[in-house]
Amino acid sequence: MTVAMRPQISACPACAAAPAAEALAEREAVKDADLALSLPTIHCAACISTVEKVLNAAPGIRQARVNLTQKRAQIVADAGVTADQLIALLANAGYEAHELDATALRATQTDRAGRDLLMRMAVAGFAMMNVMLLSIAVWSGAEGPTRDMFHWISAAIALPVIAFSAQPFFGNAWRALRVGKLNMDVPISLAIGLAVVTSLWETSLSGEHAYFDAAVALTFFLLTGRYLDHRTRAIARSAAEELAALEVPRARRVWPDGSETEVPVAELSVGDLIRVRPGGRMPVDGEITSGTSELDRSLLTGETLPIYAEPGQAVSAGEVNLTGPLTIRATAVGRDSSLHRMADLVAVAESGRSRYTSLADKAAKLYAPGVHILSALAFIGWYLATFDPRTAVNIAAAVLIITCPCALGLAVPAVTTAASGRLFRRGLLIKDATALERLAEVDTVVFDKTGTLTAGTPEPTNLDSLTTEELSVALALAEGSSHPLSVALAGAARAKGVEPAILDAVSEVPGYGTEAVWNGQPVRLGRTGWTGGTELDLTASWLRIGDAAPSAVTFTDQLRPGAAEAVAELKADGTRILLMSGDTEGAVAQLAQKLGIDNWQANCLPEDKAERIASLSETGAKVLMVGDGLNDTAALAAAHVSISPASALDAARAASDIVLLGTDLSPLPEAVRTARAATKRIRQNFRIATWYNIIAVPLAVAGLATPLIAALAMSASSITVSLNALRLRSQP
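Residues numbered from 1 in each chain as written. Predicted model: local features only at pLDDT ≥ 70, side-chain atom pairs only at ≥ 80, totals over all residues. Heavy atoms only, no water.

## Brief notes about the environment of Leu-475
You can see Leu-475 is positioned in helix 17 (residues 468-478). Owing to a relative accessible area of 0%, Leu-475 belongs among the buried residues under this scheme. Along the backbone, Leu-475 and Leu-525 are 50 residues apart, and their C-alpha atoms lie at a distance of 9.7 Å. In contact with Leu-475, not counting residues within four places along its chain, are Ala-490, Ala-493, Arg-494, Val-498, Glu-499 and Pro-500. (Helix = DSSP H or I, 4+ residues; strand = E, 2+ residues; numbered from the N terminus. Buried < 20%, exposed > 50% of the residue type's maximum accessible area, 1.4 Å probe, protein only. Contact = heavy atoms within 4.5 Å.)

## Remarks on the pattern of salt bridges
Here the idea is simple: oppositely charged side chains can pair when their charged atoms come close. The tally for this structure, following the rule as stated, stands at 13 salt bridges. With a shortest N-O distance of 3.3 Å, Arg-673 and Glu-569 are connected by a salt bridge. Taken together, the residues span a long stretch of sequence, with Arg-673 in helix 25 (residues 667-701) and Glu-569 in helix 20 (residues 563-572) at a distance of 104 residues. Judged by relative accessible area, which is 40%, Arg-673 ranks as partly exposed. Within the structure, one salt-bridge network assembled from shared partners comprises Arg-252, Glu-260 and Arg-275. (Salt bridge = Lys/Arg side-chain N within 4 Å of Asp/Glu carboxyl O.)

## Describing the packing of helix 5 (residues 144-165) against helix 7 (residues 185-204)
As a packed pair, helix 5 and helix 7 sit with axes 10 Å apart at the nearest point and diverge in direction by 150°. By the angle class used here, helix 5 and helix 7 are roughly antiparallel. At the point where helix 5 passes helix 7, the crossing takes the left-handed sense. Two secondary-structure elements touch here, helix 5 through Asp-148, His-151, Trp-152, Ala-155, Leu-159 and Ile-162 and helix 7 through Ile-192, Val-196, Leu-200, Thr-203 and Ser-204. Residues belonging to the contact of helix 5 with helix 7 are distributed by class as follows: seven nonpolar, three polar and one charged. (Axes fitted to C-alpha atoms, helices over the stretch in contact; angles between N-to-C directions. Parallel < 35°, antiparallel > 145°, perpendicular 65-115°, else oblique. Left-handed = near helix turned anticlockwise from the far one by under 90°. Nonpolar A, V, L, I, M, F, W, Y, C, P; charged D, E, K, R; others polar.)

## Brief notes about the confidence of the model for the protein chain
On average, residues of the protein chain carry a pLDDT of 76, and 75% of them reach 70 or more. For residues 1-33, every residue scores under 50 in pLDDT, and the model assigns this stretch 83 contacts once sequence neighbours within four places are set aside. Across residues 348-357, confidence stays below pLDDT 50; counting only partners more than four residues off in sequence or on other chains, it has 26 contacts. (pLDDT = per-residue confidence, 0-100.)

## Overview of helix 18 (residues 484-495)
Between its first and last C-alpha atoms helix 18 spans 17 Å; for twelve residues at 1.5 Å apiece the expected length is 16 Å, and the two agree. Restricting attention to buried positions, one finds in helix 18 the residues Leu-485, Ser-486, Ala-488, Leu-489, Ala-490 and Ala-493. Directly beyond the C-terminal end of helix 18, a positive phi value near 85° is found at Gly-497. (Expected span 1.5 Å × (residues − 1).)

## A look at the sheet that holds strand 7 (residues 273-276)
Read across the sheet, six strands follow the order 6-5-7-13-8-11 without closing on themselves; strand pairing throughout is antiparallel. Looking at the sheet topology across the chains shown, the edges are occupied by strand 6 (260-264) and strand 11 (314-315). Two strands pair when backbone bridges link them, and strand 7 and strand 13 (residues 326-332) are joined in this way by four bridges, in the antiparallel orientation. Note that in strand 13 the partner of Leu-273 across the bridge is Arg-329. (Pairing = 2+ DSSP bridges.)

## With respect to unusual backbone geometry
A positive phi angle, near 50°, is found at Phe-387, a position not held by glycine. Looking at the secondary structure, you find Phe-387 in the loop between helix 12 (359-386) and helix 13 (389-402). With a phi angle near 50°, Asn-519 is a residue other than glycine that sits in the positive phi range.

## Some remarks on the packing of aromatic side chains
A full pass over the atoms with the stated rule returns four aromatic pairs. Both rings, one in Phe-379 and one in Tyr-383, keep their centres 6.2 Å apart while their planes meet at 10°; by these two values the pair is stacked. In this pair, Phe-379 and Tyr-383 are both assigned in helix 12, four residues apart and thus about one turn of the helix distant. A relative accessible area of 34% places Tyr-383 in the partly exposed class. Relative to Trp-530, the ring of Tyr-512 lies with its centre 6.1 Å away and its plane at 45°, an arrangement referred to as tilted. With a gap of 18 residues between them, Tyr-512 in the loop between strand 17 (504-509) and strand 18 (513-518) and Trp-530 in helix 19 (residues 528-531) connect regions that are remote in the sequence. The exposure class assigned to Trp-530 is buried, which follows from its relative accessible area of 15%. A connected cluster of aromatic rings, assembled from ring pairs, spans Tyr-308, Tyr-512 and Trp-530. When the ring centre of Phe-164 is taken as reference, the NZ or CZ atom of Arg-120 above it lies at 4.6 Å. (Phe/Tyr/Trp six-rings, centres within 6.5 Å; stacked < 30°, edge-to-face > 60°. Lys NZ or Arg CZ within 6 Å of the ring centre and 35° of its normal.)

Here it is as structure tokens:
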């Protein structure tokens, strides 16, 4: 089959940044640490003892521990130990075992964090209802010992609940204060703590008011905002870790006497000979010394058509050998391999994106110190005016509670939850909490070609130029091969009602094509040089019958549904459109002309895409990258915001902020419009919260709002913000 050769991946020029070093160190730690096995059949202490004894006795095992609750074994082992070896050992001991990857464990941890927040919120909500019921008796006029009894009962409920449910705020506030910083959780913790201390003080002195209900209500509403925020964050794996997971752990080394030994890839050196069997992935960068085959480079280039592989050709780590055994000589191993360099590139890009500051974080920088100063001034002012510490503390507590950023805490997650639900119904899954804010700022969209704007499926374009006889022979030859071009040709010919010719001695020649005998003359379908065809600047397969001149069957990629509509709508909205692809110039130019894209670039390496996006960003452009291949991963991570289809490679989906769940691209323009509407709603919520504070704070400072009234006002502002966010769900 004639498929254009793709350029090799060159070294990344600037991968020595500190964030990248940290990411690499983290990745290496994951590699050394080890293995996790699921043990579904263990059920008692004897099982734990037996499994640990079997594992710890195995060669290369440094430590093995079993958790009965999770039915899981954590193993620290030498680099050469594989999960399959341990699974076999446990099977011999009578225990079923399955390998768990690090991703599944991290997803479990994230799930646990969400459940933890939900549990704390539920406890706070239940306690709030009970304390409010007790407060009704006080509001109704209970006095003396009866009032004190209700206050002490409220304290008995509120204190352990706050100690448990408010832990996320206390912990975050303490971590911030330890490094001399202020965040939203500092005034929150002070407000809760001061409300509790003031209430205990008032109760011990048989005071008229206690504010346990305010403290618990505050905790509940803030946990609601925190949980909504957590729900908008997808359980996504790091793209750099995904790329590292593609690295082959072991390889078959060929010795000078021709024998083969399976060794860890870490033991390979430049110059070693390595045998890669059909279906195997290249463990290192190298050069083919013997054998012919076809290579699947889709992980590296995003292109789905295999390329021909022969001696002398360079190969990259991560490519898949499809049809014949190959022997390669290593030219780059370990961190010098192209796959590892790409992981470094992605790590740098991801660290850059993490520096984005959300609207809520920007508000917190000014809000947190302002609240502390205001509360302190209220305390000092009232103490100097009355010399009554009880009055001063009560008013300071009221200021902290009434200014507590519940509304600000809900302003963003309430809107993003509503917008995420709206987009999910349209087939878009929001993975990152700040993705909507960043998507609203987009003015430039960069598209990948194959698998993104196109379906990645070849489609014959000139079958009508072939005679019925040629089509019949071509169909019979194509049905003798599993090559993507042959499959596409066979499907299209069958759809035209063509019947296959009767052939003899049909055989597929790896890397070349299919040959047979028809009516006593040889027939071939395959690569240009093998069939005697002429090189074209298009994807083509050549058919030769006997001594006749060969005929070309040309192919193009099918457009992904909604691609033309999405590009047209984005252009109509004034968005700049670019097309960047690792495909050949002819194929990219043809697609660009078809979609009306004036700015395009072909033969792009992964670094080329990332560098182009970086240069656009330096000029002030806010870039949305839409791609699906491994060669898009660094660009997806480097872009201001990124989208990948659900059919994309795992690493590409992990690097993106938004996943397109269906095959239709038409929801993309609506996603941009929804993001802009969501950002507008967030700013409205900030204005609501600001006006609330402008009205309520002077009342609290003037002593006209008790902590109870402050808590009710704070709750009212939170509900208003949430209702405003819900308007987004029904917005046309």
